[in-house]
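Letter by letter, the chains look like this.
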Amino acid sequence: MRTAWRVLLVLLLPVWGSAAAHNGDLTVRPACKPGFSEEDYTAFISQSIMEGQKLLKVKFNNCAGNKGVRYETNSLDFKVRADGTMYAAHQVQMPSKQLILMVTAWDPQTLGRWEAIVRFLVAEKSQHNGHKPKGRKTVPGELAQQQSDTLLPWRQHHSANGLRRQKRDWVIPPINVPENSRGPFPQQLVRIRSDKDKEIHIRYSITGVGADQPPMEVFSIDPVSGRMYVTRPMDREERASYHLRAHAVDMNGNKVENPIDLYIYVIDMNDNRPEFINQVYNGSVDEGSKPGTYVMTVTANDADDSTTANGMVRYRIVTQTPQSPSQNMFTINSETGDIVTVAAGLDREKVQQYLVIVQATDMEGNLNYGLSNTATAIITVTDVNDNPPEFTTSTFSGEVPENRVEVVVANLTVMDRDQPHSPNWNAIYRIISGDPSGHFTIRTDPVTNEGMVTVVKAVDYEMNRAFMLTVMVSNQAPLASGIQMSFQSTAGVTISVTDVNEAPYFPTNHKLIRLEEGVPTGTVLTTFSAVDPDRFMQQAVRYSKLSDPANWLNINATNGQITTAAVLDRESDYIKNNVYEATFLATDNGIPPASGTGTLQIYLIDINDNAPELLPKEAQICEKPNLNVINITAADADIDPNVGPFVFELPSVPSAVRKNWTITRLNGDYAQLSLRIMYLEAGVYDVPIIVTDSGNPPLYNTCVIKVKVCPCDENGDCTTIGAVAAAGLGTGAIIAILICIIILLTMVLLFVVWMKRREKERHTKQLLIDPEDDVRDNILKYDEEGGGEEDQDYDLSQLQQPETMDHVLNKTPGVRRVDERPIGAEPQYPIRPVIPHPGDIGDFINEGLRAADNDPTAPPYDSLLVFDYEGSGSTAGSVSSLNSSSSGDQNYDYLNDWGPRFKKLADMYGGGEED
């Protein structure tokens, strides 16, 4: 049969001074020490509590008879009477198995405060058929010290027949540990024990967070006695509760009892001040706001338990700077931290900013034992348009010259007490009256807010000598509700106009007159006079020509009378669309002088002063009639009606004209000229024709047209020979021309051939180049061997192999040809070694070159050299040595290092193996 184990739960109260009493120790106490009898009270209560139900009684002694002592709790559900009895203020339903309260005793005489902790544990009914545990009374309201020290959550019950039944476990109440305890440590919390420890040896242990899990070793247990300890001070803000499991095993590690759960709660102490989220808060409120206007919210957080007074924060305003117009312009909601206005009179023009010190205090704002912190709230009074702009004076004045625009004539100054450079301050100006024609406008200076009266339309002194303007100023933003415009928002502006010398002007510009062309010189055409607008100045105007392209006109300098200086011709190139245009200048004698221009346009009426001209001037026609004709017309410089229709006729003299030619009229402007006879010999003929226009009176002109008569083909077109013949050249002349052309072409061809041959010869005669620089593999042709006077006379017999050397040996010493082999000591030329070496050929060549350079008998470069005489013996070794090295492993790659002259040899030997 399974047996339960007993646990003796020794509750060690946080008031560890009472632990000595439990252990039987006697402590000598002072005669009288103010305070509660216990620092921690515990009582079991039911789940539901009725209103007024007594729960427990706390004992307090101030050593003065407790006169005037008052009690407070940090809960609204429970209250304490003057005798220390705690009761329910109203019906309460316990939300959890435990409730922790703080009871405060306050002595108004000494202003002392004392605190004690009260724990309410919800008592659970025994589930053993409704029987209470033996030896245990659970009466709500009993004090913890009146309980038995031994709790038996697992008991063994015996039936009447002696059998034992296993009952359900009790729920062990949570263990409460106050935070920040000063020790000494370790402090005993509870003792657990199995009732089997009398039979066997039991070992106790605990597991869970705070024991064998991080944070490690916060709690410990004596494995033999079962006493459980806390090893260091608790911090509820770090961890508020712990869940441990207690285990009981025998010496062999076998489980003796089922594990039991232990819940340890850290009791909160008021050890944290409220902390504001920000040290400085910024808010704003409109000036003139009504009381109750929301401004801003400040927030402070307390790390203590928010369900207790330790974490309940209350706000209040400590100071306000400045205290104008009232020292209490704002108030704060003690619970939410909302700051609102409480008084009227906010005026930005007087006070622009308030500094408010806000204090947050826990313990529901109790300043005596609550912890506090402060923050600064900066409240800015924002501007509203409650001040209309006002002119600094009622009248302004200015002056402007006439005929000037975009000129500032006056600056209007205003005063506005609202915030500068805001819509409530920015001024807008309007002209109410005095400027019906819109000569002026008022612009606002964005920096100074002044109004600049500006001329936008030129004023005339002769029309208006002064202007009286009425102007009004307002703000960009409308005025606040209830604010009226000031009478000082209107002012008068007097603007004087000053007279300046204005230029004369021509009333009629451009002036147009009409007259016939060809009027005689000196004819008066018109009077082109100007007007001086300066009526109040006595000034004279003089005239002059500014532009007269044809120089046809004159103008009187004093009265502007226009006369002709030449005959006006409508057909002149200066005429555009029958109009001649001239420009004149009118200048006054003011200071400084001013001038104006006027344009005179003369429309010239055409007269018949130009005879017609025949078109075309030249033509050609076939020598036989009826094949083609010549179309003729006329051109006249005049215009209608002095032009066509034209009359075309042949003159009677000479008579051959009318005999050979005839004219047929097509219409008023065109006619046809054709042959009258059946055949006319080819040639060029001058045919006179009389052309008459239709003017009044008509004008005629005798024009000559050159007609080329030529033979034609079947299509009626002149042949080439016929055209030449028609030009008046005979057959001999034509043949002579053709011969000349052939000769010219032959000469050109010969010249081209000669030039090509010369070019070829020039390319074939190449200059000799230095062999050191000649790296080409091609064969050069040398056709020039002479190089000086020594190369002129050569004895060609020396080119033959001499049979004897007597003629050379017997020659007089000192007399030698430079191309002969010298007799005497020969230079020592090197002998090539038999065994080849990669560098021996290069060395051999270099040594031979030095020997040749040092040889005084060596002939010059351009002299005739003797190639067939080799002398006695050879300085070179046997050519048979070339094949002395028959090894196929010979490496000829070094030939590539000898330069371009040995490139061919390197290619031959270097690629032998590949071939």
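Residues numbered from 1 in each chain as written. Predicted model: local features only at pLDDT ≥ 70, side-chain atom pairs only at ≥ 80, totals over all residues. Heavy atoms only, no water.

Participant: I would appreciate a short explanation of the overall build of the chain in the present structure.
Facilitator: Of regular secondary structure, the chain possesses 7 helices and 53 strands. Per-residue burial for the chain yields a buried fraction of 36% across its 915 residues. Here the analysis covers contacts within the chain between residues at least 6 apart in sequence; of these, 66% occur between residues at least 24 apart. Counting every atom, the chain has about 54,300 Å² of accessible surface; 52% of that belongs to carbon and sulfur. (Helix = DSSP H or I, 4+ residues; strand = E, 2+ residues; numbered from the N terminus. Buried < 20%, exposed > 50% of the residue type's maximum accessible area, 1.4 Å probe, protein only. Contact = heavy atoms within 4.5 Å. Areas by Shrake-Rupley, 256 points an atom, 1.4 Å probe, with all protein chains shown as cover.)

Participant: Help me understand the state of the cysteines, please; the structure alone is not making it clear to me.
Facilitator: Cysteine pairs can be linked by a disulfide, which is a covalent bond between their two sulfur atoms. If you walk through the whole model with that rule in mind, you get 3 disulfides. Here cysteine 32 engages in a disulfide with cysteine 63; their sulfurs sit 1.7 Å apart. Looking along the S-S bond of the cysteine 32-cysteine 63 disulfide, the torsion reads about -110°, which is the left-handed sense. Residue cysteine 32 is located in the loop between helix 1 (19-22) and strand 1 (35-36), and its partner cysteine 63 is located in the loop between strand 5 (60-61) and strand 6 (70-73); the two are separated by 31 residues in the primary sequence. Two residues share a disulfide in this structure: cysteine 622 and cysteine 712, whose sulfurs sit 1.8 Å from each other. Since a negative S-S torsion denotes a left-handed disulfide, the cysteine 622-cysteine 712 link at about -105° is left-handed. Of this pair, cysteine 622 sits in strand 47 (residues 618-622) while cysteine 712 sits in the loop between strand 53 (700-710) and helix 3 (720-726); the two residues are 90 residues apart in sequence, bridging distant segments of the chain. (Disulfide = S-S within 2.5 Å.)

Participant: For this particular structure, what's the right way to read the packing of aromatic side chains?
Facilitator: What characterises a pair of aromatic rings is the spacing of the ring centres plus the angle enclosed by the ring planes. What the rule picks out here adds up to 19 aromatic pairs. Ring centres of tryptophan 552 and tyrosine 574 lie 6.5 Å apart, and the angle between their planes is 80°; on these two criteria the pair is classed as edge-to-face. In this pair, tryptophan 552 is assigned in the loop between strand 41 (541-547) and strand 42 (553-555) and tyrosine 574 in the loop between strand 43 (561-564) and strand 44 (579-588), connecting sequence segments 22 residues apart. Given a relative accessible area of 45%, tyrosine 574 falls into the partly exposed group. Of the aromatic side chains, those joined through ring pairs into one cluster are Phe36, Phe60, Tyr71 and Trp114. (Phe/Tyr/Trp six-rings, centres within 6.5 Å; stacked < 30°, edge-to-face > 60°.)

Participant: Would you mind showing me how to read the pattern of salt bridges here?
Facilitator: Opposite charge on two side chains allows them to pair when their charged atoms are near. Summed over the entire model, instances satisfying the criterion amount to 16 salt bridges. With its nearest N and O atoms 3.2 Å apart, the salt bridge here joins arginine 570 to aspartate 606. Here the residue arginine 570 occupies a position in the loop between strand 43 and strand 44, and aspartate 606 occupies one in the loop between strand 45 (595-605) and strand 46 (613-615), the gap between them amounting to 36 residues. Of the charged contacts, one joins lysine 706 and aspartate 686 as a salt bridge, the two residues approaching to 3.2 Å between their closest N and O atoms. (Salt bridge = Lys/Arg side-chain N within 4 Å of Asp/Glu carboxyl O.)

Participant: Would you take a moment to explain the nonpolar core for this structure?
Facilitator: The nonpolar side chains of soluble globular proteins are, as a tendency, buried together. Ranked by internal contacts, the top residues of the largest apolar core, which has 25 residues, are Ile206, Phe219, Met228, Met234, Leu244 and Ile264. Where this core is concerned, the elements lending two or more residues are strand 14 (175-178), strand 15 (187-191), strand 16 (203-208), strand 17 (219-221), strand 18 (227-230), strand 19 (241-249) and strand 20 (255-267). Looking at this core element by element, the count peaks at 5 residues for strand 20. Among all residues touching isoleucine 264, those that are not within four sequence positions of it are Ile175, Val177, Leu189, Phe219, Met228, Ala240, Ser241, Tyr242 and Leu244. (Core = buried A, V, L, I, M, F, W, Y, C linked by side-chain atoms within 4.5 Å.)

Participant: Mind showing me how you'd approach the pairing of strand 50 (residues 661-665) here?
Facilitator: Regular strands place their side chains on alternate faces of the sheet. As paired elements, strand 50 and strand 51 (residues 670-675) share 5 bridges and run antiparallel to each other. Within strand 51, the position partnered with threonine 664 by the bridge is glutamine 672. Hairpin connection from strand 50 to strand 51: 4 residues lie between these consecutive antiparallel strands. (Pairing = 2+ DSSP bridges.)

Participant: Just to check I follow, could you spell out a nonpolar patch on the surface for this structure?
Facilitator: A grouping of Leu744, Val748, Phe751, Val752, Trp754 and Met755 is seen on the molecular surface, where their side chains present a nonpolar patch of about 590 Å² in accessible area. As for its placement among the helices and strands, valine 748 is situated in helix 4 (residues 731-764). When its relative accessible area of 45% is taken as the criterion, valine 748 is described as partly exposed. (Patch = residues over 30% accessible without salt bridge, like charges linked within 9 Å, V, L, I, M, F, W, Y side chains within 5 Å.)

Participant: What exactly am I supposed to notice about the sheet that holds strand 31 (residues 395-401) here?
Facilitator: In sheet architecture, strand pairing relies on hydrogen bonds along the backbone and comes in two forms, parallel and antiparallel. The mixed open sheet is built from 4 strands, whose spatial order is 31-38-37-34. If you trace the sheet from one side to the other, it starts and ends with strand 31 and strand 34 (427-433), each paired once. For this sheet the average axis-to-axis angle between neighbouring strands, irrespective of direction, equals 30°. In the sheet, strand 37 (residues 466-475) pairs with strand 38 (residues 490-498) via 7 bridges, with the strands oriented antiparallel. Bridge pairing links alanine 466 to serine 496 in strand 38. (Axes fitted to C-alpha atoms, helices over the stretch in contact; angles between N-to-C directions.)

Participant: Please clarify how the sheet that holds strand 41 should be interpreted in this entry.
Facilitator: Taken together, 4 strands build an open sheet; the order of strands is 39-45-44-41 and the sheet is mixed. A single partner strand is all that each edge strand has here, and the edge strands are strand 39 (511-516) and strand 41. For this sheet, the mean inter-axis angle between neighbouring strands, taken without regard to orientation, is 30°.

Participant: Mind showing me how you'd approach a positive patch on the surface here?
Facilitator: On the surface, Lys54, Lys57, Lys59 and Arg81 cluster together into a patch of positive charge. On the secondary structure map, lysine 57 appears in strand 4 (residues 54-57). (Lys, Arg positive; Asp, Glu negative; His and termini not counted. Charge placed at Lys NZ, Arg CZ, Asp CG, Glu CD.)

Participant: Would you mind going over the confidence of the model for the chain with me for this structure?
Facilitator: Low-confidence regions, as indicated by low pLDDT, have predicted coordinates that should not be scrutinised in detail. With 77% of its residues at a pLDDT of at least 70, the chain reaches an overall mean of 79. Throughout residues 1-29 the model reports pLDDT below 50, and contacts reaching past four residues in sequence, or to other chains, amount to 74 contacts. (pLDDT = per-residue confidence, 0-100.)

Participant: Before we go on, may I ask you to explain the side chain of serine 372 in this structure?
Facilitator: Relative to the elements of secondary structure, serine 372 occurs in strand 29 (residues 372-382). Engagement of the side chain of serine 372 in a polar contact is seen with the side chain of threonine 361, the distance being 2.7 Å. With residues up to four places along the chain from it excluded, the contact list for serine 372 reads Arg273, Pro274, Gln359, Ala360, Thr361 and Leu367. (Polar contact = N/O pair within 3.5 Å; in protein donor to acceptor, adjacent residues only side chain to side chain.)

Participant: Explain the side chain of aspartate 107 to me, please; I cannot follow it from the model alone.
Facilitator: Note on placement: aspartate 107 falls in strand 10 (residues 98-107). Arginine 70 is the oppositely charged side chain nearest to the buried, salt-bridge-free aspartate 107, at an N-O distance of 8.6 Å. A distance of 3.4 Å separates polar atoms of two side chains, one belonging to aspartate 107 and the other to asparagine 62. If we ignore the near neighbours within four places in the chain, the residues touching aspartate 107 are Asn62, Lys67, Gly112 and Trp114.

Participant: I'm lost on the environment of aspartate 435 in this one. Help?
Facilitator: When you line up the elements, aspartate 435 lands in the loop between strand 34 and strand 35 (440-444). Sequence separation between aspartate 435 and threonine 470 is 35 residues, and the spatial gap between their C-alpha atoms is 8.9 Å. Non-local contacts of aspartate 435, meaning those with residues more than four positions away in its chain, are made with Phe440 and Leu469. Within the local environment of aspartate 435, its side chain forms a polar contact with the backbone nitrogen of glycine 438, the two atoms lying 3.3 Å apart.

Participant: Looking at this structure, I do not really get the environment of valine 709. What am I missing?
Facilitator: By the secondary structure assignment, valine 709 is in strand 53. Judged by relative accessible area, which is 0%, valine 709 ranks as buried.

Participant: What's the story with the environment of tyrosine 679 in this structure? I'm lost.
Facilitator: By secondary structure assignment, the location of tyrosine 679 is in the loop between strand 51 and strand 52 (683-692). Of the residues examined, tyrosine 679 reaches a relative accessible area of 46% and is grouped as partly exposed. Sequence separation of tyrosine 679 and glutamate 623 is 56 residues, and the distance between their C-alpha atoms is 5.6 Å. At 3.4 Å, the side chain of tyrosine 679 and the side chain of glutamate 623 are in polar contact.

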